[in-house]
Amino acid sequence: QVRLVESGGGLVQPGGSLRLSCAASGNIVAIYAMGWYRQAPGKQRELVATITSGGTSNYADSVKGRFTISRDNAKRTVYLQMASLNSEDTAVYYCKADIKSGVTWVRGDYWGQGTQVTVSD
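Calculation notes
- Residues numbered from 1 in each chain as written.
- Predicted model: local features only at pLDDT ≥ 70, side-chain atom pairs only at ≥ 80, totals over all residues.
- Heavy atoms only, no water.
- Helix = DSSP H or I, 4+ residues; strand = E, 2+ residues; numbered from the N terminus.
- Buried < 20%, exposed > 50% of the residue type's maximum accessible area, 1.4 Å probe, protein only.
- Core = buried A, V, L, I, M, F, W, Y, C linked by side-chain atoms within 4.5 Å.
- Contact = heavy atoms within 4.5 Å.

**Q** For unusual backbone geometry, give the residues involved together with the corresponding values.
**A** A positive phi angle, close to 55 degrees, is found at Arg76, a residue other than glycine. In this fold, Arg76 is placed in the loop between β7 (67-72) and β8 (77-82). Classification of Arg76 as partly exposed rests on a relative accessible area of 30%. Positive phi, normally seen in glycine, also occurs at Trp105, with a value near 60 degrees. Judged by relative accessible area, which is 56%, Trp105 ranks as exposed.

**Q** Go over the nonpolar core, please, and point to the residues and values.
**A** If you look at soluble globular proteins, the nonpolar side chains tend to sit buried side by side. With 31 residues, the main nonpolar core has Trp36, Leu80, Met82 and Tyr93 as its most contacted residues. The dominant element in this core, judged by the number of residues it contributes, is strand β9 (residues 91-101), at 5 residues. Among all residues touching Met82, those that are not within four sequence positions of it are Gly16, Ser17, Leu18, Leu20, Arg66, Phe67, Tyr93 and Val117.

Note that every value here comes from positions in space, so none of it alone points to a role or purpose.
Structure below.
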């Protein structure tokens with residue numbers, strides 16, 4: 001069973017910073033691209049940032065220059081360092097990973113349960 005668990009969300013003041021983590025566990029053969037998505041109330045889920053197994057990253061225009069995605073392949077973990085946060089960053093943040101399962105030997109997308117980030121005074 002493959003599992004993704006996010007952590008690090010919370011309440012932060014405008015202009016503040018947070019670091020999210022997402023760890024993959026279970027019977028895993030390989031992890032390919034990993035990424036972060038977010039969903040604000042009443043809005044569709046949107047891409048925030050992705051990173052390949054080789055470390056190539058991609059960002060939504062709305063977070064470029066403020067957010068940094070990174071990964072530790074040995075720990076099977078992806079991070080999202082968020083800075084200069086504002087109210088529009090308030091959302092549930094989800095981790096997604098493209099993983100080949102060691103049980104089924106099938107490659108597919110797996111999602112975490114989400115972590116709430118609230119930017120408010």
